[in-house]
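Observations on the model geometry
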Amino acid sequence: TTTPTTTTEEPGWREKQEVLLRLNDTVISPSANNRTPDTIWLFFNRIPRTGGQTLVSLMKSLSADLDYQHQEHVYRTPWQRLMSEDEQKNLATWFEYNFWPKSYDRFSLYINFTQHRSQYVTLRPAYITVVRDPVEKYISYFRFKRVDHERVKLEMAVKEKQRPGSGRTWYWKKLEECVSGDDPECDFSPGSRSFSSAVPFFCGQYEQCLKLGDPWALQKAKYQAEYDYSVVGLAEEWNTTLAVLEEYLPMFFQGARQRYWSQEFEAERQVNKNPKKYSEVPEKIIKLLKERMGPEYELYEFLRQRLHLQYKHIASRLAAPTTAFTTTSNVPRFAIWDRMDIEFSN
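Below: a short report on this structure. (Residues numbered from 1 in each chain as written. Predicted model: local features only at pLDDT ≥ 70, side-chain atom pairs only at ≥ 80, totals over all residues. Heavy atoms only, no water.)

Relative to each other, helix α11 (residues 238-248) and helix α15 (residues 294-313) sit at 60°, their axes nearing to 10 Å. By the angle class used here, α11 and α15 are oblique. α15 is crossed by α11, and the crossing has left-handed handedness. Contacts between α11 and α15 involve T240, T241, A243, V244 and Y248 on the former and, on the latter, L307, Q310, Y311 and H313. (Axes fitted to C-alpha atoms, helices over the stretch in contact; angles between N-to-C directions. Helix = DSSP H or I, 4+ residues; strand = E, 2+ residues; numbered from the N terminus. Parallel < 35°, antiparallel > 145°, perpendicular 65-115°, else oblique. Left-handed = near helix turned anticlockwise from the far one by under 90°. Contact = heavy atoms within 4.5 Å.)

This brings us to the environment of H73. On the secondary structure map, H73 appears in the loop between β2 (69-72) and α3 (85-96). The exposure class of H73 is buried, given its relative accessible area of 15%. Remark: the alpha-carbon pair of H73 and R106, spanning 33 residues in sequence, is separated by 5.5 Å. Side-chain polar atoms of H73 contact the side chain of Y104, separated by 2.6 Å. (Buried < 20%, exposed > 50% of the residue type's maximum accessible area, 1.4 Å probe, protein only. Polar contact = N/O pair within 3.5 Å; in protein donor to acceptor, adjacent residues only side chain to side chain.)

This part covers the pairing of strand β1 (residues 41-46). When you tally the buried positions in β1, you get six out of six residues, the bulk of the element. Examined bridge by bridge, β1 and strand β3 (residues 102-107) share six bridges and lie parallel to one another. Bridge pairing in β3 places F44 opposite D105. Where β1 and strand β4 (residues 126-131) come together, three bridges link them in parallel fashion. When the bridges of β4 are listed, F44 appears paired with I128. (Pairing = 2+ DSSP bridges.)

L55, I128, F202 and F253 are the most contacted members of the largest nonpolar core, which totals 66 residues. Among all residues touching I128, those that are not within four sequence positions of it are L42, F43, F44, N45, L55, Y229, V231, L245, L249 and F253. By size, the runner-up hydrophobic cluster in this structure holds 16 residues, among which are I139, L175, V281 and Y297. (Core = buried A, V, L, I, M, F, W, Y, C linked by side-chain atoms within 4.5 Å.)

What follows deals with the side chain of Q224. Looking at where Q224 falls in the secondary structure, it is placed in helix α10 (residues 215-228). One polar contact links the side chain of Q224 to the main-chain carbonyl oxygen of F202, over a distance of 3.5 Å. Not counting the four nearest positions on each side in its chain, Q224 is found in contact with Y110, F202, C203 and Y229.

Here the focus is the state of the cysteines. Going through the model one piece at a time under the given rule, you end up with two disulfides. Between C178 and C186 runs a disulfide, and the two sulfur atoms are separated by 1.9 Å. What sets the handedness of the C178 and C186 disulfide is the S-S torsion sign, and at about 110° it is right-handed. One exposure class covers both C178 and C186, and it is buried. If one numbers only the bonded cysteines of the chain, in the order they occur, the disulfide pattern is 1-2, 3-4. (Disulfide = S-S within 2.5 Å.)

What follows is the structure, given as structure tokens:
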């Protein structure tokens, strides 16, 4: 069972509880508020095909200069997004044993770290993620599953075991046929489960969060995004995303735009890009997908408005003259023994 937290209340805690108590009857509006808690930890719960690996590469590049460590999740299975209570608790405990600024990325649905943290811990990780136009993301996800070598091997092996020949049928399946037909892979019927939707990544580790078109899941996703995420970026608005990350999370993203557009980072800007070329998706298929993804677009528009409000809030600071980003060579550094002494003494 989860140990109840006895720590002091975080700023805005009472407001969050009041909204949560009447969640179904509340209109949640996006704001420019900086929801970053007082913390040295950052959790990037990645959503597939939204440019996440590029952001991870940027964080790893910045970490040496900003003196934090980035940890990429090591996957024992292809997708570990839905976690047990014990797994969520273990992740919260893992953060608690890190006494140095640490960022961590993982394909995971939202986790309530306040609920799962230890009794006397006062910190929780800050949250970030990136979203993408729902139809563009879905098309990219459908195609990339058939390009990623390890994913293809696993999918085909499972399907061939169920019915010989079905693996090859899956591999050569066309998006247009899948969407316009009654194929289960492209099922958007209300109540069906989906990991391709962004909604459960914000809603959390509940069965109801996985159900397409569920009103409560959409409302909970908006609530979590507004009250628990420091920044939710847009893949289509990368410069805006980086600018807000720099201002709202300087411990992890100071100098992000300068580094991203630097020559040394050029090769990382297109990481994980699908190498295959495809013909354009027919307009009727795009229209059909948009009609079926109404809740997804409602969440996407909510997050787009929120990012724009945050960017507007920092516009005056962005207009001010900037200085060159300090690099590793002239940042005071701790020796390895200094780090160990700090960690062991805490």
